[in-house]
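Remarks on the overall topology
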Amino acid sequence: MKNLMRWLKYPPMALLVGVSIGAGAISVLAADSEKPQITLMRAGSRPLIDGPAENFTGKARIDRQVRPDDPSRPMGSMVYFEPGARTAWHSHPLGQTLIVVSGCGWVQSEGGPKKMIQPGDVIWTPPDTRHWHGAQASVAMAHYAIAEPLNGVAAQWMEKVTDEQYGAQEQTKCMTWMTN
Ligand code: MN
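So, here is what we can say about the structure in this document. All values derive from a computational prediction rather than experimental measurement.

Rules and cut-offs
- Residues numbered from 1 in each chain as written.
- Predicted model: local features only at pLDDT ≥ 70, side-chain atom pairs only at ≥ 80, totals over all residues.
- Buried ≥ 20, exposed ≤ 12 C-beta atoms within 10 Å, placed from the backbone.
- Helix = DSSP H or I, 4+ residues; strand = E, 2+ residues; numbered from the N terminus.
- Core = buried A, V, L, I, M, F, W, Y, C linked by C-beta atoms within 7 Å.
- Contact = placed C-beta atoms within 7 Å.
- Pairing = 2+ DSSP bridges.

1. Here we look at unusual backbone geometry
Cis geometry marks the peptide bond from Asp70 to Pro71; its omega dihedral reads 5°. Despite not being glycine, Asp128 shows a phi value in the positive range, around 55°. Using a count of 12 C-beta atoms within 10 Å as the deciding quantity, one classes Asp128 as exposed. Look at Asn151: it is not a glycine, yet its phi comes out positive at around 50°. Of note, Asn151 is situated in the loop between strand 12 (141-147) and strand 13 (156-157).

Structure (structure tokens):
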């Protein structure tokens, strides 16, 4: 500091130090403007997409909320099933987590029992496991679905769930405190 003060007594040196501090301030500003910015998607700004008829029975609507840029990989969607609506049989190459948000539904993996799912339930389906999920026959159901794609594919779709497999007449009571 003592040396710096001494140099500043010489006008050419003071000018040099001043320019260098000024350049530093500019580069800091430039670095700030190059920092990645937060993306804010307002509620209601995304269109709901109809679940494709070849992959769903009944009406399901999908809000594809989480579609991050590389290198982040998880994809997340809210899926709204009307009463009786369900996915076709399918699997996920890296598995899938479902979080039930409202209503009352079913989930089943091939060869396993059909299980009632209700708000707050969290369901993990392991990679390459055939399964389906959907609403009960008389109640809508919404779940959040999280999966990572492998080579750009997050789900392998198969045949529809038949009415017999679905068991349309079956009902199971479940919590309705978050139903919409
Ligand atoms: Mn699934």
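2. A word on the nonpolar core
As a rule of thumb, soluble globular proteins bury nonpolar side chains together. Grouped together as the largest cluster of nonpolar side chains are 18 residues, with contacts concentrated most on Ala60, Val79, Phe81 and Met141. Residue assignment for this core shows that the elements contributing at least two residues are strand 4 (75-81), strand 7 (96-103), strand 8 (105-109) and strand 12. Each residue touching Ala60, except ones within four places of it in the same chain, is listed here: Gly51, Val79, Tyr80, Phe81 and Ala85.

3. Comments concerning the pairing of strand 12
Counting buried positions along strand 12 gives 5 out of 7 residues, so the element sits mostly inside the fold. Sheet topology places strand 4 next to strand 12; 7 bridges connect them, and they run antiparallel. Paired with Tyr80 across the two strands is Ala142, which belongs to strand 12. In this sheet, strand 12 lies alongside strand 7 in antiparallel orientation, the contact comprising 6 bridges. Note that in strand 12 the partner of Ile99 across the bridge is Tyr144.

4. A closer look at the sheet that holds strand 3 (residues 60-66)
Taken in spatial order, the 6 strands line up as 1-3-4-12-7-10 in an open sheet, and their pairing is antiparallel. Every interior strand has two partners, whereas the edge strands, strand 1 (49-50) and strand 10 (122-125), have only one.

5. Some remarks on the pairing of strand 8
Most of strand 8 sits out of view: 4 of its 5 residues are buried. With 3 bridges connecting them, strand 8 and strand 9 (residues 115-117) associate as antiparallel partners. From the neighbouring strand, Gly105 faces strand 9, where its bridge partner is Ile117. Direction of pairing for strand 8 relative to strand 11 (residues 131-135): antiparallel, over a ladder of 5 bridges. The partner of Gly105 across the bridge, within strand 11, is Ala135.

6. A short note on the environment of Ala60
Tracing the chain through its elements places Ala60 in strand 3. Distance in space between the C-alpha atoms of Ala60 and Asp50 is 6.0 Å, their sequence separation being 10 residues.

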